[in-house]
Amino acid sequence: MSEAVIRTVTSPPGLLASLDPLLRDWLPRQRWFAGKGRPVTGFSLVAATELLPSDARLGLYHVLVRAHHQLAPAPGAAEEPGDCYQLLIGAREALPPRLAPALIGHVTEGPLAGRTAYDALYDTRPAEVLLEALRTGARIGGLRFEREPDQEIRTGLVPRLMTAEQSNSSVVYGDTFILKLLRRIVPGINPDLELPLALAREGCPRVPAPAGWMVADLAGRSWVLGVLQPYVQGATDGWELALRELAKGEDFTAEARALGRATAEVHTALARALPTVTLGHGQLRQLADGMIERLDEAAHAVPLLRPYVPALRTAFTALGDLAAEGRTWTAQRVHGDLHLGQCLRSPSGRWSLIDFEGEPAKPLAERRMPQPPVRDIAGMLRSFDYAAHSADASVPGWADSCRAAYCTGYAEVAGSDPRTDPVMLRAHETDKAVYEVLYEARHRSDWLAVPLSAVRRLSTPEPA
Ligand SMILES: Nc1ncnc2c1ncn2[C@@H]1O[C@H](COP(=O)(O)OP(=O)(O)O)[C@@H](O)[C@H]1O
Ligand SMILES: O=P(O)(O)O[C@H]1O[C@H](CO)[C@@H](O[C@H]2O[C@H](CO)[C@@H](O)[C@H](O)[C@H]2O)[C@H](O)[C@H]1O
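Cut-offs used in this document
Residues numbered from 1 in each chain as written. Chains lettered and ligands numbered in written order. Predicted model: local features only at pLDDT ≥ 70, side-chain atom pairs only at ≥ 80, totals over all residues. Heavy atoms only, no water. Core = buried A, V, L, I, M, F, W, Y, C linked by side-chain atoms within 4.5 Å. Buried < 20%, exposed > 50% of the residue type's maximum accessible area, 1.4 Å probe, protein only. Helix = DSSP H or I, 4+ residues; strand = E, 2+ residues; numbered from the N terminus. Contact = heavy atoms within 4.5 Å. Disulfide = S-S within 2.5 Å. Pairing = 2+ DSSP bridges. Near = heavy atom within 4 Å. Polar contact = N/O pair within 3.5 Å; in protein donor to acceptor, adjacent residues only side chain to side chain. Areas by Shrake-Rupley, 256 points an atom, 1.4 Å probe, with all protein chains shown as cover. Phe/Tyr/Trp six-rings, centres within 6.5 Å; stacked < 30°, edge-to-face > 60°. Salt bridge = Lys/Arg side-chain N within 4 Å of Asp/Glu carboxyl O.

This paragraph deals with the nonpolar core. Where a protein is soluble and globular, its nonpolar side chains tend to be buried together. Counting 69 residues, the largest nonpolar core has Leu305, Phe384, Trp398 and Tyr406 as the members making the most contacts within it. Considering each element in turn, this core owes the most residues, eight residues, to helix H6 (residues 281-301). Filtering out sequence-adjacent residues up to four positions away, Trp398 remains in contact with Ala242, Leu246, Glu250, Phe252, Phe384, Ala387 and Ala388. In this structure, Leu52, Leu60, Leu157 and Leu181 belong to the second largest nonpolar core, which totals 45 residues.

Below, the discussion takes up the state of the cysteines. The final tally for this structure, using the stated rule, is zero disulfides. With no disulfide of its own, Cys204 lies closest to Cys343 among cysteine sulfurs, the gap being 13 Å.

Another point: the sheet that holds strand E10 (residues 169-173). Pairing in this open sheet of seven strands is antiparallel, and the strands run E7-E8-E13-E14-E11-E10-E9 from one edge to the other. The open sheet has two free edges, formed respectively by strand E7 (139-140) and strand E9 (159-161), since each of these has just one partner strand. For E9 and E10, the ladder comprises three bridges, and the chain directions are antiparallel. Paired with Arg160 across the bridge in E10 is Val172.

Glancing now at the site of ligand 1. Taken together, 15 residues are adjacent to ligand 1, and Gln166, Asn168, Lys180, Pro230 and Val232 come closest. At 2.9 Å from an oxygen atom of ligand 1 is found a side-chain nitrogen or oxygen belonging to Lys180. Contact between ligand 1 and Glu357: an oxygen atom at 3.5 Å from a side-chain N or O atom of the residue. Against a free-state accessible area of 550 Å², the protein chains account for coverage of 87% of ligand 1.

Attention shifts here to the packing of aromatic side chains. In this description, an aromatic ring pair is defined by two values, namely the gap between the centres and the angle between the planes. Scanning the model with the defined rule gives nine aromatic pairs in all. Centroid distance Phe252 to Trp398: 5.7 Å. Interplanar angle 20°. Geometry classified as stacked. With Phe252 in the loop between helix H4 (238-247) and helix H5 (253-273) and Trp398 in helix H10 (residues 398-414), the pair connects residues that are 146 residues apart, well separated along the chain. In this pair, the class of Phe252 matches that of Trp398, namely buried. Within the aromatic cluster, the residues linked to one another by ring pairs are Trp26, Trp32, Phe33 and Tyr85.

So, about the site of ligand 2. Close contacts around ligand 2 come from 13 residues, with Asp337, Ser383, Tyr435, Glu436 and Tyr439 the closest. At 2.8 Å from an oxygen atom of ligand 2 is found a side-chain nitrogen or oxygen belonging to Asp337. The contact in question runs from an oxygen atom of ligand 2 to an N or O atom on the side chain of Glu436, over 2.7 Å. At the level of secondary structure, the elements contributing two or more residues to the shell around ligand 2 comprise helix H9 (374-390) and helix H11 (422-443). Top contributing element to the shell around ligand 2 by residue count: H11, with three residues.

Attention shifts here to the pattern of salt bridges. All told, the structure shown has 36 salt bridges when counted by the stated rule. The partner of Arg135 in a salt bridge is Glu132, with the nearest N and O atoms 3.1 Å apart. You can see Arg135 and its partner Glu132 sitting in helix H2 (residues 124-136), three residues apart, about one turn around the helix. Residue class for Arg135 comes out partly exposed when judged on its relative accessible area of 26%. Notably, a salt bridge pairs Arg201 with Glu148, separated by 3.0 Å at the nearest N-O pair. Within this pair, whereas Arg201 is found in helix H3 (residues 191-201), its partner Glu148 is found in the loop between strand E8 (143-147) and E9, the two being separated by 53 residues in sequence. It is possible to trace a salt-bridge network through shared partners that takes in Arg139, Arg144, Glu146 and Asp217.

Below is the structure:
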């Protein structure tokens, strides 16, 4: 494709008005739509950019829309209601059968009247336009495509949209690169770019190093739209692998230990690359109070959690009590939502960590705050438990041995074993299990029994 096709043109007037009725139906049905259960009352256009000169065959628009909901925004929420979504909209006279799953709808008025609008990420040419823009460091309207100078992006890589269940949308280019297009976007520094970039520049090989990224500059703020990373060919994620080994009754401790080592390598590199802080009495109390607050919120939303609240709360008050003893901890940038599904094992057996955006529902500022590294460790320990409870076959002691091996691997690299800090570990594991109860109740109610079994375990004091 020649560079000349990528031009800076703003969108035709009336574009959003003509798409509005179609988006009302289509957007809430998307896996990545964050406002599920809240009826959409309409959309406002945040930005639209024409990426290709529209001809009868194909029109291509990069669109940022804000979805408005019936509910009033929560007190203290940002003044703009609803979430902002990134869409790549194609317009054709008719959709070929291969693009049927991408259909948004038939446009009846406005600049696209008579054409069919569709999610253009499913289509080869539009996906090529994005890679070409990244390769050439293009500027298109308010869109900025950046690239790491030392990473070569070849031409002619064939794109395919990933079909995995995910919170965003990813396109794989010739099994060489993967472009993750963030769907719900927020202004500010995005940890999904910030942390892999910092790790790569620190020389940490445990994370695919960003080769390029897309940003929208709007009203004086930058919004990260997507990140291009090397694709780990033939990789299996830790969740898939754990379930596979469980089904065969196989031991997973060697992998768990390797995962512990990989986590510790990432943590030590993050502590070198980005600021750390010391948590003293006040901050530790704040941490414990935040956990108690989250427990109360989750119990309010999920009645099944309520009988366990008094016992779970003791994990957090114990953390508050530690604060009174005058001990301090170091907090640093962490992954923030680490679980087996965020770990990729290459065919040679090497583990990488991905998806550094943190817990998606949390505000950006909170996700970027330094935290005790035990937060990630607790996430992984919960994940071994999840795998053991989700597998068809039961392998006695599987989760416990993986959890122990993971901590051993972590200690081998970090120099300190998380099990030597049981109060901190229990508080974080309990906090994660509470988060999971709420997450499953909202997103996958048939999985609720998994974190609830952990809640029962964590509510029962360990024998002395
Ligand atoms: N660098 C990569 N190489 C190979 N596969 C990847 C890579 N990055 C992500 N993936 C695959 O894409 C999936 C979704 O990526 P992820 O970053 O978790 O997206 P999301 O935030 O949308 O859930 C992962 O589960 C993994 O299978
Ligand atoms: O991968 P995401 O960043 O979207 O994370 C969210 O979804 C995860 C599920 O896909 C969820 O993880 C929970 O389920 C996993 C098994 O599917 C399990 O391995 C994790 O331990 C468990 O927390 C994650 O919590 C949520 O933020």
